[in-house]
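What the coordinates show
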Amino acid sequence: MQESSSNVSQTKRRSKLKKSFFYGVLLPFIIGAFYLCFYASDRYVSGAGFAVRSMSGQGGNDLLGSVTGLVGNGSSTSDSYIVIKFLESRDLLQAVLNDADFEEIYGSKDIDFLSRMGENLKIEELLDYWKWYVDSSFDPSSGIIRFEVQAFEPEEAYEVASLILKQVKRLTNELSEQARMDTMYYAQEELDLAEKRLLEARTEVKLFRDTTNSVDLSASAMAQIELLASLEKELIGIKARIEVLKESLDADAPSIKALERKSEALEFQISEKSGGLKITGYSNQMSGLLAKQEKLGAEKTFAETAYASALTSMETARMEASRNQRYLAIYSHPSLPEYPIFPKRLLYVVYLFLGLAVLWGIIVLIAYAIQDHMMAGW
């Protein structure tokens, strides 16, 4: 009796397995295979391959590049990653939407309903749809970028691929211009600052010269020192003559009186000069003026040196900016496809059957494991 009950149970289980296999594997497989073989629209592929290059010399790879195999030019590598992100971005999609009839290309009634673009999609939904039909890749070791775009007509695939390459060229030009502007910006700022500092220093020197009525106080000071030395020498000579005359003439002699008056005049002039060397039209002492002149002269010299250095840096930056121009080295242009690569009908049919069979097997195992566990618990 127990053996008969066990046979009935196994028969029911086999019946359920066959039924579940039919509904879980065979029926979806038949529907999917029919769709792939007879209904799925053909998709044509067009694309391009290129690398972002810089006009600056590449030179040898650095130590990291020799170990990792990555390209040595860091700026070109980072630009390549920017291009890869751009190929998946909303900005690119918007540019394609502006230049191509996207609704006609991907929303035509001739396209099968699963592949056809829906109507009135938000831009985010459109971007999700678009990513299914655009594929990009980047090889860090060579710096080569390649993208492929799928469409349902060969002319449309070629058109969209050409538009994408056009936008990539535009982006590369913008990156190049931005790099040039960044290089020139800081150099120009330093040059403007140095020029302003030089103008201020020259203005201060001019005001000082106008105030002191002297082009070079050092020369004026030397002239006054020489004058003082001359006056002192002349005074010594006159005093010597007075002493000589006093030995042969009276102290009240007219010649001695004349020499004494001249001596007093020289002593007064010497006293005036020695008490503080002065500049015509300015009452401050010469030593303070000389100190200020030296300070202004040092500031002017430093400003001129800084300005010359800034000019050199500006020229260097201009040369560097010209060498840092980016460009696309295109090795594969978009072409008009002649044969639809997708969908790979036979391969997809095999994948569909294997996938459904594996999924059905997993579900059956889980279901029987739960059933056995529940029966053991009872």
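These numbers were taken from a predicted model, which means no experiment stands behind them.

**Observations regarding the overall build of the chain**
For the chain, the helix and strand inventory stands at eleven helices and four strands. Taking all 378 residues of the chain together, the buried fraction comes to 33%. In the chain, of all internal contacts separated by at least 6 residues, the share reaching a separation of at least 24 is 80%. On the chain, roughly 24,300 Å² of surface is accessible, and the fraction owed to carbon and sulfur atoms is 59%.

**Concerning the pattern of salt bridges**
In this structure the tally under the stated criterion is ten salt bridges. The salt bridge partner of E124 is R90, with a shortest N-O separation of 3.4 Å. In this pair, E124 is assigned in helix α6 (residues 123-131) and R90 in helix α4 (residues 90-99), connecting sequence segments 34 residues apart. Since its relative accessible area comes to 46%, E124 is described here as partly exposed. Of the charged contacts, one joins E174 and R170 as a salt bridge, the two residues approaching to 2.6 Å between their closest N and O atoms. You can see E174 and its partner R170 sitting in helix α7 (residues 154-212), four residues apart, about one turn around the helix. With a relative accessible area of 42%, E174 lands in the partly exposed category. Since its relative accessible area comes to 34%, R170 is described here as partly exposed. Each member of the salt-bridge network shares a partner with another, and the members are R202, K300 and E304.

**Details of the environment of H333**
As for its placement among the helices and strands, H333 is situated in the loop between β4 (326-332) and α11 (345-377). Measuring from C-alpha to C-alpha, the distance between H333 and A161 comes to 8.9 Å, with 172 residues separating the pair along the chain. Every residue in contact with H333, bar those within four places of it in the chain, is listed here: G47, A48 and L165.

**Details of the packing of α4 against α7**
Their axes nearest at 10 Å, the elements α4 and α7 cross at an angle of 125°. Considering their axes alone, α4 and α7 lie oblique with respect to each other. Considering the relative orientation of α4 and α7, their crossing is right-handed. On the side of α4, the interface is formed by L92, A95, V96 and D99, while α7 contributes E159, V160, L163, I164, K166 and Q167. Tallied by class, the residues present in the contact of α4 with α7 amount to six nonpolar, one polar and three charged.

**Topic: the confidence of the model for the chain**
Of all residues in the chain, 84% attain a pLDDT of 70 or more, and the chain-wide mean is 82. Summarising per-element confidence for the chain, the mean pLDDT is lowest in helix α2 (residues 63-68) (38) and highest in strand β3 (residues 144-151) (96). The low-confidence segment residues 57-73 (pLDDT under 50) makes 17 contacts with residues lying over four places distant or belonging to another chain. Confidence drops under pLDDT 50 across residues 276-284; counting only partners more than four residues distant or on other chains, this segment forms 19 contacts.

**Re the nonpolar core**
Counting 40 residues, the largest nonpolar core has L87, Y106, W130 and I164 as its most contacted members. Of all elements in the fold, only β1 (44-54), α3 (74-87), α4, α5 (102-106), α6, β2 (134-139), β3 and α7 reach the threshold of two or more residues within this core. In terms of residue count, the dominant contributor to this core is α7 (nine residues). Apart from residues no more than four positions distant in its own chain, I164 is found in contact with L87, L92, V96, W130, F147 and V149. In this structure, L228, L235, L259 and I270 belong to the second largest nonpolar core, which totals ten residues.

**Points about the packing of aromatic side chains**
Applying the stated criterion across every chain yields a total of 18 aromatic pairs. Look at F29 and F353: their rings are 5.3 Å apart centre to centre, the planes differ by 75°, and that puts the pair in the edge-to-face class. Separated by 324 residues along the polypeptide, F29 in helix α1 (residues 2-39) and F353 in helix α11 bring together distant segments of the chain. When the ring of F102 is compared with that of W130, the centres are 5.5 Å apart and the planes differ by 55°; the resulting orientation is tilted. One end of the pair, F102, is in helix α5; the other, W130, is in helix α6, and 28 residues separate them in sequence. By the burial criterion, F102 is buried, and W130 matches it. Grouped by ring-pair contacts, the aromatic residues F102, Y106, Y129, W130, Y133 and F152 constitute a single cluster. In this structure, K344 packs its charged tip against the face of F342, placed 5.2 Å from the ring centre.

About the thresholds
Residues numbered from 1 in each chain as written. Predicted model: local features only at pLDDT ≥ 70, side-chain atom pairs only at ≥ 80, totals over all residues. Heavy atoms only, no water. Helix = DSSP H or I, 4+ residues; strand = E, 2+ residues; numbered from the N terminus. Buried < 20%, exposed > 50% of the residue type's maximum accessible area, 1.4 Å probe, protein only. Contact = heavy atoms within 4.5 Å. Areas by Shrake-Rupley, 256 points an atom, 1.4 Å probe, with all protein chains shown as cover. Salt bridge = Lys/Arg side-chain N within 4 Å of Asp/Glu carboxyl O. Axes fitted to C-alpha atoms, helices over the stretch in contact; angles between N-to-C directions. Parallel < 35°, antiparallel > 145°, perpendicular 65-115°, else oblique. Left-handed = near helix turned anticlockwise from the far one by under 90°. Nonpolar A, V, L, I, M, F, W, Y, C, P; charged D, E, K, R; others polar. pLDDT = per-residue confidence, 0-100. Core = buried A, V, L, I, M, F, W, Y, C linked by side-chain atoms within 4.5 Å. Phe/Tyr/Trp six-rings, centres within 6.5 Å; stacked < 30°, edge-to-face > 60°. Lys NZ or Arg CZ within 6 Å of the ring centre and 35° of its normal.

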